Amino acid sequence: MSRITPILLLFIFISCTAQEKANDIPIQDEVKNYTFETVASGIQTPWGMAWLPDGNMLITEKSGILYQIKNGTKTEIKNVPTVYNRGQGGLLDIVLHPDYAKNGWIYITYASTEGEGEGGNTKLIRAKLLDGALTQIESLYKAGPNTTKGQHFGSRIVFDNEGFLFFSAGERGNHFVNPQDITRDNGKIYRLNDDGTIPKDNPFVGQENAKEAIYTYGNRNPQGLALNPVTGDIWEHEHGPKGGDEINIIKKAANYGWPIVTYGIDYDNTIISKIEEKPGIEDPIYYWLPSIAPSGMAFVTSDRYPDWKGHLLVGSLKFQYLELVKLKGNEIIGRQKIATEIGRLRNVAQGPDGYIYIGVEGKGILKIIPN
């Protein structure tokens, strides 16, 4: 008979308790009332997607290539900064300024070697696109110091309804130091003006040695940021360790707990924390057990998908499906599999044409066509 170790017993207890608290919403099987259309193939790790006013797409590939898809043809944009392509780091997210038609600004995050120390860390820039090349590149924020660790760069970018820019940077594998310390970068979500300056009402402005760009802290590795079209809130999801991926609603100065509070254990089965909630720590509105390894996040507002409209889409790297997270206000009331066994989903976005697009590792960009 196999022995049950004390650590395993504790993990079982933690898992059972956490699942009960999360209501352990079962996931429904796929109802395949759609087909797929390949928009861009031959992209090994597609990360960010953005659409220009003329309908052409911009796609970041983690190795450092920025593609433009025009009339079905894929071309490489020139003058992209050199990226630190290691582990989860590389060329990451891309968004257009909300007023792009007037100012032409494109915002990009990537792993950069600039700054103190060996290795790299998450950086935010903005640039303009002219004749197939990035121009007028401006550095807006660089997390530091660098490290040669390959994990937890984040990173997603989103603008809110007031024109503030939010972007995420994971804790770079240094979870006992970075995420709870507001004098250090990483394990944070940042808020900036569109030109990279610090908003005067950011929560830690004026605090001694604080990184004033910080808006929230105690985040582990956020790879999903999306604007809720109904409430105007920024929603975020982040990778937990072995168990405990979270969905959070971003609040000013909030501490999301990592690693003081967690619903999972470490990958070697050691206990990170026995605490699942604590005063002063913001609770997630939902968390997954087991982890799904979420990446990419989009609210569905399109009439093309009547059964999905008003709900949330999240990609699963681990289980290789797209998950429909069903909502009632801010409450998670259901889950359903979509695009099962499609591959490791790195991103999901709703295009200006109302269609849902997914970035799949090893395949590229696919469009979901409802029947």
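## A short note on the pattern of salt bridges
Tallying each qualifying case throughout the model produces eleven salt bridges. A salt bridge links K251 to E282, with the nearest nitrogen and oxygen atoms 2.8 Å apart. In this pair, K251 is assigned in the loop between β17 (245–249) and β18 (286–288) and E282 in the loop between β17 and β18, connecting sequence segments 31 residues apart. Relative accessible area serves as the criterion here: at 42%, K251 is assigned to the partly exposed category. A salt bridge links R344 to E361, with the shortest nitrogen-to-oxygen separation between them at 2.8 Å. You can see R344 sitting in the loop between β22 (331–338) and β23 (345–350) and its partner E361 sitting in the loop between β24 (356–360) and β25 (364–370), a full 17 residues away along the chain. Each of R344, R346 and E361 takes part in one network of salt bridges that share partners.

## Thoughts on the pairing of strand β8 (residues 106–112)
By the criterion of burial, β8 is predominantly enclosed, with seven of the seven residues buried. Side chains I106, I108, Y110 and S112 of β8 all project onto a buried face; the interleaved residues Y107, T109 and A111 project onto the opposite face, where all are buried too. Bridging between strand β7 (residues 91–96) and β8 involves four bridges; their strand directions are antiparallel. Directly across from L96, in β8, lies its bridge partner I106. Strand direction decides the pairing type here: β8 and strand β9 (residues 121–130), joined by seven bridges, are antiparallel. Directly across from T109, in β9, lies its bridge partner L124.

## Regarding the nonpolar core
Grouped together as the largest cluster of nonpolar side chains are 32 residues, with contacts concentrated most on M57, W308, L322 and I358. Listing elements by their share of this core, those giving two or more residues are β2 (34–41), β3 (46–51), β4 (57–61), β5 (65–70), β21 (321–328), β23, β24 and β25. Leave out the neighbours within four places in its chain, and I358 touches F36, M49, L322, I342, L345, N347, V348, G364, I365, L366 and I368. Residues Y141, I157, L165 and Y217 belong to the second largest nonpolar core, which totals 20 residues.

## Side note on the packing of aromatic side chains
Under the counting rule described, the total for this entry stands at 14 aromatic pairs. Measuring from centroid to centroid gives 3.7 Å for Y263 and Y287, while their planes differ by 10°, and the two rings are stacked. A residue pair is termed long-range when its members are at least 10 positions apart, and Y263 in the loop between β17 and β18 and Y287 in strand β18 qualify at 24 residues. On the basis of relative accessible area, Y263 is assigned to the buried category, the value being 3%. Here the aromatic rings of Y286 and W288 are separated by 5.8 Å at their centres, their planes lie at 90°, and the arrangement is edge-to-face. What makes Y286 buried here is its relative accessible area of 5%. An aromatic cluster is built from Y34, F36, Y305 and W308, whose rings are joined through pairwise contacts. The aromatic ring of W105 is capped on one face by R126, whose charged end is 3.8 Å from the ring centroid.

## Description of the sheet that holds strand β15 (residues 222–227)
Taken together, four strands build an open sheet; the order of strands is β15-β16-β17-β18 and the sheet is antiparallel. Each edge of the open sheet is held by one strand with a lone partner, namely β15 and β18. If you compare each strand with its neighbour and ignore which way they point, the axes differ by 15° on average. In terms of strand pairing, strand β16 (residues 234–238) meets β17 through four bridges, oriented antiparallel. Counterpart to H237 in the pairing with β17 is I247.

## With respect to the environment of I265
Along the polypeptide, I265 turns up in the loop between β17 and β18. Along the sequence, I265 and G244 sit 21 residues apart, while their C-alpha atoms lie 8.4 Å from each other.

## Brief notes about the sheet that holds β7
An order of β7-β8-β9-β10 is seen for the four strands of this open sheet, with the pairing classed as antiparallel. Strands with a single pairing partner mark the edges of an open sheet, and in this sheet they are β7 and β10 (133–142). The sheet shows a mean angle of 25° between the axes of neighbouring strands, direction not considered.

What counts as what
Residues numbered from 1 in each chain as written. Predicted model: local features only at pLDDT ≥ 70, side-chain atom pairs only at ≥ 80, totals over all residues. Heavy atoms only, no water. Salt bridge = Lys/Arg side-chain N within 4 Å of Asp/Glu carboxyl O. Helix = DSSP H or I, 4+ residues; strand = E, 2+ residues; numbered from the N terminus. Buried < 20%, exposed > 50% of the residue type's maximum accessible area, 1.4 Å probe, protein only. Pairing = 2+ DSSP bridges. Core = buried A, V, L, I, M, F, W, Y, C linked by side-chain atoms within 4.5 Å. Contact = heavy atoms within 4.5 Å. Phe/Tyr/Trp six-rings, centres within 6.5 Å; stacked < 30°, edge-to-face > 60°. Lys NZ or Arg CZ within 6 Å of the ring centre and 35° of its normal. Axes fitted to C-alpha atoms, helices over the stretch in contact; angles between N-to-C directions.

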